[in-house]
Structures are given as structure tokens and as C-alpha cells.
Amino acid sequence: MLNRIASFALDEDGAVTVDWVILCAGVISLALAAVGVITDGTEDLSGDIDTNLKNELISTSFEDDSDV
């Protein structure tokens, strides 16, 4: 019985799985942080584009309005 416990304690087959789980959790955390930063930047940029497009004067004819 003591040999089985010692064999179980020295077995390292599952240690690689724990390493991969920790590594994958770190990669996913970095990816989520990057998505958060990119989302904030695109929201700001799309708001600026929306403001500029709303303030533009759109001409519906080919007449020259500079003489008016």
C-alpha cells in the first residue's frame, strides 16, 4: 500500500495538463484585455466619424453655390 502512495506522489503525468491550463488562462486573459482596449478605441473613432459626417453639408445638385 505504501508503494502505491509513493508511486502516486512521484507520478508527473498530470503536471503537464496543469501547466497547459495555466498557460491557456493567461493567453485568454491577454486576449480579453486586448479586445477591451481595441473596443474603446473603435468606439471613440466611430463617434468622431459620426460627428464629422453629421456636420458635413451634402449638396444634392451640381450647381455652383459659391456665387450665392
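Located above this text is the structure these notes cover.
Model, not experiment: these values are computed from the prediction.

Draft legend 1. Broad picture of the overall build of the chain. For the chain, the count of helices and strands is two helices and zero strands. Here the C-alpha radius of gyration of the chain, 31 Å, is well above what a compact globule of 68 residues would show, namely 11 Å. For the chain, the C-alpha atoms occupy an extent of roughly 100 × 15 × 10 Å along the three principal directions. The proportion of buried residues among the 68 residues of the chain is 0%. Put simply, the chain shows about 6,700 Å² of open surface, and 64% of that area lies on carbon and sulfur atoms.

Draft legend 2. Geometry of the pattern of salt bridges. Here the structure, examined in full by the defined rule, presents one salt bridge. Measuring nitrogen to oxygen at the nearest pair gives 3.3 Å for the salt bridge that ties Lys-54 to Asp-50. Pair noted here: Lys-54 and Asp-50 are both in helix H2 (residues 15-55), with a separation of four residues, about one helical turn. Residue classification places Lys-54 among the exposed positions, given a relative accessible area of 63%. Asp-50 gets classed as partly exposed once you look at its relative accessible area, which sits at 38%.

Draft legend 3. A negative patch on the surface, seen in detail. Taken together, the side chains of Asp-40, Glu-43, Asp-44 and Asp-48 define an acidic patch exposed on the protein surface. Asp-40 gets classed as partly exposed once you look at its relative accessible area, which sits at 47%.

Draft legend 4. Structural context of a nonpolar patch on the surface. Side chains of Val-16, Trp-20, Leu-23 and Val-27 sit close together on the surface and give an oily, nonpolar patch of about 410 Å² of accessible area. With respect to the helices, strands and loops of the structure, Val-27 is situated in helix H2.

Draft legend 5. Region of the structure containing the environment of Arg-4. Inspection of the secondary structure assignment puts Arg-4 in helix H1 (residues 2-10). Remark: the alpha-carbon pair of Arg-4 and Val-16, spanning 12 residues in sequence, is separated by 21 Å.

Criteria and thresholds
- Residues numbered from 1 in each chain as written.
- Predicted model: local features only at pLDDT ≥ 70, side-chain atom pairs only at ≥ 80, totals over all residues.
- Heavy atoms only, no water.
- Helix = DSSP H or I, 4+ residues; strand = E, 2+ residues; numbered from the N terminus.
- Rg over C-alpha atoms; globule rule 2.2 N^0.38 Å.
- Buried < 20%, exposed > 50% of the residue type's maximum accessible area, 1.4 Å probe, protein only.
- Areas by Shrake-Rupley, 256 points an atom, 1.4 Å probe, with all protein chains shown as cover.
- Salt bridge = Lys/Arg side-chain N within 4 Å of Asp/Glu carboxyl O.
- Patch = residues over 30% accessible without salt bridge, like charges linked within 9 Å, V, L, I, M, F, W, Y side chains within 5 Å.
- Lys, Arg positive; Asp, Glu negative; His and termini not counted.
- Charge placed at Lys NZ, Arg CZ, Asp CG, Glu CD.

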